[in-house]
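# Descriptive analysis of the structure
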Amino acid sequence: MSMNISKKETELYRKFKRVSVAEFFEKNRHLLGFENSKKDLLITVKELVDNSLDACEEAGILPDIKVRIDELKPSIYKVRVEDNGPGIPPDKIPEIYGSFLFGSKFHRYVSTRGKQGIGASAVVLNGQLTTGKPVKVISKVPGGKAYEFEIKIDVNKNTPIVIKKKEVDWKKEHGTIVEVTLKANYQKGRQSVDEYIRLTALANPHATIVYINPKGEKFVYKRITNNVPKLYETKPHPHGIEIGVLERMLKETSHMTLKEFLIKEFSSIGHKTALEILKKAKLDPNRDPKSLSSKEIEKLYEAMQETEVRAISAKYVVILGEELIRDSLIKMFDPEFVAAKTRKPAVYRGIPFVVEVGLAYGGNIKNFRLLRFANRVPLLYKAGECAITEAVKSINWRRYGLNGKEGEFPYEPLIIMIHIASVWIPFTSESKEAIAPYPEIVKEIKLALKETLRELSIYVRKKQSLKYIEQKYKALYGYGLELARYMAKILDKPENELRVKIISRIKEELLKDLVEVLRTVKDIRSLVEENKITEAKKVLKKMLEDIIKSKIFTQKEINELIERALEEISKTKKIKAK
Amino acid sequence: MNKKAVVKKIENLAKKIYEEFEFGSPSIEFIVRGSLKNIEYDVGKDIIRLKKSLGKREFFNLGHVRKFTQTIMVAALAKELLEKDKTASLREVYYQLKHTIPVVNENTFEEQAESDAIIEDLERTLGVIREQMHIKADRRGSVYGDITMRDRKRGDEWNCAKLGMGGWSIPSTIEDIDIVDVNTDYVIVVEKDALFERLVEEKLPEKLRAILISVKGQASRGARRLIHRLRYEHRLPVLVFTDGDPWGFYIYSVIKRGSMKLSHFSEYLATPDVKFIGMTMDDIEEYNLWNVTMKLKQVDEKRVKELMSYPWFKNNKAWQRQFRKMLKWKVKIEQDALASKSLEFVAEKYLPEKIEKEKFLT
C-alpha cells in the first residue's frame, strides 16, 4: 500500500512541476483533502493550528493559540489563527505563504504535525481560488518589529505577489497571526472544527487554546503541563523509504558521490554499511548519484533493503506519556475511571513507533467513542480504513467484562484514545487521515489496548459486583427455594431440611462476598484502614438494605454477617502485621 | 437401560449436589451441545461425532443459577414420571413446571423452547435419551408397507399395510416396539406427505416390495431410529427421496450421518449407508424438467454454500458436482414437480428406473 502512496506522491510531484499551480490544485484538490465545503474549513484550521503548534515546539515555547472563525457572509468564512511562536522574519513571509510548496515536506523525518499536512500555502491557495481574497499575515520575531502582509499567489508563475506590507504595532514579543478567507461551510458534529480543536487540546496538554466558533461560542482549553515536547529531526531509514522517493532523493541531492549520499541522506548508515550496500548493488561508491539509470536505482534499492541496518533511535519519537494522557482525559471528559499505557517503542521497517492508549469510562461519558491520533493530531476522517479501527474492532469485549460483539465497538460509556507516534507514519493516502493497517502496527495497537483494558476490566468487575450483590442474593434466594423443593422430591427428604441447608449456605456465600468487598472496593477499604469501622458498617448496611427489605435475611442476620466479615479482615491484617 | 437405572442416575445427581451444598461448590456437569465447532466427521464410519467437552453449571454463579435450578426441576419431574409409569409430552413438561419464582419474580420457564433445551441438556448430563425419562416429542412421520410390528407394553400387533392409506404414525420413541416380520426388499424414505400418498395410491410399495416412510421434513428422532433399525436389524437397503434443494439434501444428510445437535447419539440414530435417490440436478437434464424448476433464493444459495463446506460433503465429488450445478443454474426442484409429466410418472417411471439403474448418490 505504501508503495502506491509514494508512487502517487512522486507522480503528483512530477505533474506539479509541469502545470500552473492553479490548474494543478483544481485537478488534485480532493487528493489534498479538499473534498467538500465542510472539510475545507477543517483543513484550513488544522493546517494553521498544526503549524503554530510545530513552530512553538521547535522553538521550545509553551503554545498560546487563539483561533477565531467568522462567517463574513453565507458560505464565506474568515479563519484567524494567532500564536506566540518565534515569528517569521519579514523577508521569508512572502515565500512561505505566497508560493505553493507542494512536496517539500516529504523528506523530513521528525515527529511534527506539519509533515502530515499539505502546507499553509495550499490553504492560502484554496482561499484565494475560492474567494479571490489575499492571505493576511502579521508576524514578529523576538526583538524585531511586527509586519503586516497581504499576499497573493501568482497562479501562473507560482510566485508571491505582495499586495501590502507595513510595519504595525503589536504588543506581543513574538508570534504570528494568519488570516485566510475561504468559501466553506461550518457544521457541528464529530468531524467539525469544534471537535478538532477539542481533541487537539486533549492531545496537546502543554498548549492553551482559545477558540471562538462562527456562532460566537468561546471555548478555552488551558494547559495542564509546562513541559514542551522536545523534537529531534532524523533522516529517512533505508528500509522505510519507497523506490520513488529514493529516485527523487538521488536527483535532488547535493552530494557528489553515492557513498556520501547514503551516509549523509539516511539515518543509521555509516561508512561500512554504505560500502556494503554499494558492493551488493555492484555500484561504484564514487559514482555521481544523479547519473544512475532506472535499473541501477532498482538495484541500489534492493541492496538497501537486503542489508541489515540498525533501527532509528526511539528518542526521535515524541510521546505524551501515561500521566498526561490520564490528566488530559480527566480534564476533558470528567470520567469516573481512567487508565493509560505507553508501550515501549516497536519498529516498523527500521522506523520506531510508539503506541499510547488512554481509556476513560463512565461519569459524564454516555456513549462509546474511539479517538484516533497520529503524532498528536486528531484523525477525524476515514476511520474505516485505519489500523487503529481495525485493532479496536478485533477486541473480544466480553473478556474484559464489557458489552459488545467482536468485530464491533462495545456498547459502553467508554472513550478509547489511541495515539501513534513516529517520525514517519504510513498513512493510507496523501490527505493523511488514516494509518495503513500493517500487521506490525495493528499487533502493537492491540497489545497496548489489551493491556489497558485489563485495568478497566478489574474496575468494571468490582463495580458490577457491588451493584449486583443485591441482585445476586435475590436470585440465589429465589432459585434456592425452588431447588429445595425439587431436590426434596428427588431425594425423598423433607423440603424444610433442604431449604435450611441451602439458605445457610447462601449466607456463607454472602459472607465471602462481603469480605471481598471490604478487601477490594477502594472506598470501603480505606474506611477500614482508617479505622472508621462505624462508617464502613453504615456503607455495607446501606448496600444490603434491599436484601433485608425482600425478607431474605433479617436485620439481625445481616448485622452478624457484617461483624463476621470485619473480624475476618482484621484477622488477615494481623497475620500480615506479624 | 431400564427405568430403575435412569431413576438411580437422577438420584445420584441430586445426592452429589446435596453433598456439595455442604462441602463444595454445587455444580452440574454436562457434555457441551453439538455444533459445527465441536463435532468431528468420522470418515471411516461416515458419521458425525461429538468431540466431547464438559461444561459446568454452578449454583453460586449468577449467570448459571437459573439453568442449574431448571435442570433439577426437569430431573425431579422425570423421576416422578418414571415412578408413576406415565409419559409426558415436551409441552406438558413445560406446563407442569411453569410457575413464578418468589423474590426474583421470574417464571421458571418463559417458553417451551427453554424447557426443551434443558431436557436436552439433561439427556447429555445423565447420558440417557428423553424417552428413557418418559418425556416424548410429538409423533411425526408415517410408515406404509408389509411389515408387522408389536408393542411390547400394550401387547398389540399390526401390519403397516393394513392400517389404511395413512399407514402407521411413528411415535416419539420406538424402543418398546418389536419388528416381528418384514416382507419387503428395501425402504424408501420420502420428504413429503403428498408424495407418500401418491406412492401409496399408485401401489408402489406393493409393486416394488418396499416399505414407505414419510418423514414430513426433517426426520424426527423416532423416524430416524426406525430407519436405523430397519437397516441394521433387518438389513434392508434404504433410499432417501427429497426435494432437490439444500434443505432436502440436509434431510438426507441427517438421516445418514446424524445432526450436529444430537451428535452425541449419532451411533444410535444415524444410518450411514443410506443412499440418495433424488431429486438431483441431473434429473432436471435427464427428464427435461427445466420448465418446472424454481429460482434459487438467496437463503437457499447461502445454505448450499454452507453444505458444500461441511466436512462430510467437502470431499464428496458427486455431491460437490450437484452443489456446483445448483449454484451455476440457480435453480431448485421439488419432488412434486415430477407430476408435470403425469401423476403416475414418479411411481411408474422415475423411481423404478432409478432403482433399476442404481442411480444413487451416496
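Residues numbered from 1 in each chain as written. Chains lettered and ligands numbered in written order. Predicted model: local features only at pLDDT ≥ 70, side-chain atom pairs only at ≥ 80, totals over all residues. Heavy atoms only, no water.

## Topic: the overall build of chain B
Tallying secondary structure elements over chain B gives 14 helices and 19 strands in all. Considering chain B as a whole, with its 362 residues, one finds that 57% of them fall into the buried category. Long-range contacts, defined as pairs at least 24 residues apart, comprise 72% of the intrachain contacts of chain B with a sequence gap of at least 6. Accessible area of chain B: about 16,100 Å², with a carbon and sulfur share of 49%. (Helix = DSSP H or I, 4+ residues; strand = E, 2+ residues; numbered from the N terminus. Buried < 20%, exposed > 50% of the residue type's maximum accessible area, 1.4 Å probe, protein only. Contact = heavy atoms within 4.5 Å. Areas by Shrake-Rupley, 256 points an atom, 1.4 Å probe, with all protein chains shown as cover.)

## Re the overall build of chain A
The secondary structure content of chain A amounts to 17 helices and 16 strands. When burial is assessed residue by residue, chain A has 54% of its 578 residues classed as buried. Restricting the contact set of chain A to residue pairs at least 6 apart, pairs at least 24 apart contribute 72%. Accessible area of chain A: about 26,200 Å², with a carbon and sulfur share of 49%.

## As for the sheet that holds strand β6 (residues 159–168) of chain A
Residue and element names in this part refer to chain A. One open sheet accounts for eight strands, arranged β6-β5-β4-β7-β2-β1-β8-β9; its pairing is mixed. On the outer flanks of this sheet lie β6 and β9 (218–221), each paired with one strand and no other. Across the sheet, the mean angle separating the axes of adjacent strands is 15° when strand polarity is ignored. Note that strand β1 (residues 64–73) and strand β2 (residues 76–83) share seven bridges and pair antiparallel. Looking at β2, one finds that V67 is bridged to V81. (Pairing = 2+ DSSP bridges. Axes fitted to C-alpha atoms, helices over the stretch in contact; angles between N-to-C directions.)

## Looking at the pattern of salt bridges
Tallied over the entire structure, the rule returns 77 salt bridges over all chains. Residue K507(A) pairs with E557(A) through a salt bridge whose shortest N-O separation is 2.8 Å. In this pair, K507(A) is assigned in helix α14 (residues 495–520) and E557(A) in helix α17 (residues 555–577), connecting sequence segments 50 residues apart. For K507(A), a relative accessible area of 21% gives the class partly exposed. Its relative accessible area of 22% is what places E557(A) among the partly exposed residues. E106(B) is the partner of R66(B) in a salt bridge, and the nearest nitrogen-oxygen pair spans 3.3 Å. Here R66(B) is found in helix α2 (residues 65–84), whereas its partner E106(B) is found in strand β7 (residues 106–107), with 40 residues between them in sequence. Given the relative accessible area of 33%, E106(B) is considered partly exposed. (Salt bridge = Lys/Arg side-chain N within 4 Å of Asp/Glu carboxyl O.)

## Some words on the packing of helix α3 (residues 37–58) of chain A against helix α6 (residues 193–203) of chain A
All names here are of chain A. The N-to-C vectors of α3 and α6 enclose an angle of 20°; their axes lie 10 Å apart at closest approach. One way to sum up the angle between α3 and α6 is to call them roughly parallel. The interaxial crossing formed by α3 with α6 has right-handed handedness. Facing L41, L42, V45, K46, V49, D50 and L53 of α3, the residues of α6 in contact are V193, Y196, I197 and T200. (Parallel < 35°, antiparallel > 145°, perpendicular 65-115°, else oblique. Left-handed = near helix turned anticlockwise from the far one by under 90°.)

## Quick notes on the interface of chain B and chain A
Taken together, the contact between chain B and chain A spans 34 residues of the former and 29 residues of the latter. Of the roughly 2,700 Å² buried between chain B and chain A on both sides combined, carbon and sulfur atoms contribute 75%. Counting the contacts that link chain B with chain A gives one salt bridge. E22(B) is paired through a salt bridge with K501(A); the nearest N and O atoms lie 2.2 Å apart. Where chain B packs against chain A, one counts nine residue pairs in polar contact (both at pLDDT 80 or more). Element by element, the count of residues in the side of chain B that touches chain A is highest for α2(B), at ten residues. (Buried area = accessible area lost by both parts, 1.4 Å probe. Polar contact = N/O pair within 3.5 Å; in protein donor to acceptor, adjacent residues only side chain to side chain.)

## Examining helix α11 (residues 298–309) of chain B
Residue and element names in this part refer to chain B. Between its terminal C-alpha atoms α11 stretches 17 Å, which fits the 16 Å expected from twelve residues at 1.5 Å a residue. Within α11, burial applies to D300, E301, R303, V304, L307 and M308. Looking straight down α11, one finds its buried side chains confined to an arc of 165°; they lie on one side. α11 presents Q298, V299 and K302 as exposed residues on the side facing more than 90 degrees away from its buried surface. (Expected span 1.5 Å × (residues − 1). Arc of directions from axis to C-beta.)

## Some remarks on the confidence of the model for chain B
Fine structural detail should not be taken from predicted coordinates in areas where pLDDT scores are low. When pLDDT is averaged across chain B, the result is 93; 100% of the residues are at 70 or more. Interface confidence for the predicted complex, given as ipTM, is 0.83, next to a pTM of 0.54. (pLDDT = per-residue confidence, 0-100.)

## Some thoughts on the sheet that holds strand β14 (residues 186–190) of chain B
Residue and element names in this part refer to chain B. An order of β12-β9-β15-β14-β16-β17 is seen for the six strands of this open sheet, with the pairing classed as mixed. Strands at the two margins of the open sheet, each flanked by one partner only, are β12 (168–169) and β17 (275–278). Across five bridges, the pairing between β14 and strand β15 (residues 210–214) is parallel. When the sheet's bridge partners are listed, V189 is paired in β15 with I213. Its contacts with the sheet put helix α5 (residues 193–201) on β9 (142–144), β14, β15 and β16 (238–241), and the angle it makes with β15 is roughly 155°.

## Re the pairing of strand β16 (residues 414–422) of chain A
Side-chain positions along a regular strand alternate between the two faces of the sheet. Residue and element names in this part refer to chain A. With respect to burial, β16 is a largely interior element, nine of its nine residues being buried. Neither face of β16 is open: one carries L414, I416, I418, I420 and S422, the other I415, M417, H419 and A421, and all of them are buried. Both strand β13 (residues 351–361) and β16 contribute to a ladder of nine bridges, which runs antiparallel. Note on β16: the bridge partner recorded for L359 is I416. Bridge count for strand β14 (residues 369–374) against β16 is six bridges, and the pairing is parallel. In the sheet register, A374 faces β16, and the bridge partner there is I420.

## Here we look at the packing of aromatic side chains
Scanning the model with the defined rule gives 29 aromatic pairs over all chains in all. Three or more aromatic residues link up through ring pairs in this structure, and these residues are F249(B), Y252(B), F276(B), F313(B), W319(B) and F323(B). We note K393(A) situated over the ring of F409(A); from NZ or CZ to the ring centre the distance is 5.0 Å. (Phe/Tyr/Trp six-rings, centres within 6.5 Å; stacked < 30°, edge-to-face > 60°. Lys NZ or Arg CZ within 6 Å of the ring centre and 35° of its normal.)

## Let's talk about helix α14 (residues 345–357) of chain B
An α-helical turn contains 3.6 residues, so any two residues separated by three or four positions project in the same direction. Residue and element names in this part refer to chain B. If you check which residues of α14 are buried, you get F345, V346, A347, Y350, L351, E353, K354 and I355. In this structure, the buried side of α14 is in contact with β14, α5, α6 (204–208), β16, β17 and α10 (281–286). Phi turns positive, to about 50°, at E358, one or two residues after α14.

## Comments concerning the side chain of E191(B)
With respect to the helices, strands and loops of the structure, E191(B) is situated in the loop between β14 and α5. Beyond its immediate chain neighbours, meaning those up to four positions away, E191(B) contacts V215(B), K216(B), G217(B), F241(B), T242(B), D243(B), G248(B), I251(B) and Q335(B).

## Comments concerning the packing of α11(B) against helix α13 (residues 317–329) of chain B
Residues and elements named next belong to chain B. It is the contact of α11 with α13, at a shortest axis distance of 10 Å, that shows an interaxial angle of 160°. Overall, the two elements α11 and α13 adopt an arrangement that is roughly antiparallel. Crossing geometry of α11 relative to α13 is assigned as left-handed. The segment α11 lies against α13, with E301, V304, K305, L307 and M308 engaging Q320, F323, R324, M326 and L327. Considering only residue class, the contact of α11 with α13 consists of six nonpolar, one polar and three charged. (Nonpolar A, V, L, I, M, F, W, Y, C, P; charged D, E, K, R; others polar.)

## Some words on the confidence of the model for chain A
Residue and element names in this part refer to chain A. Considering every residue of chain A, the mean pLDDT works out to 86; 91% of them sit at 70 or more. The model gives residues 1–6 a pLDDT under 50, and that stretch makes 15 contacts with residues more than four places away or in other chains. Across residues 103–107 the pLDDT falls below 50, and counting only partners more than four positions away or on other chains, this stretch makes 15 contacts in the model.

## Things to note about unusual backbone geometry
Following G278(B), the chain continues to M279(B) via a peptide bond in cis, the omega torsion being 0°. When you line up the elements, M279(B) lands in the loop between β17 and α10. Backbone geometry at S268(A) places phi at a positive 65°, although glycine is not the residue there. Turning to its location among the elements, S268(A) is positioned in the loop between α8 (258–265) and α9 (271–280).

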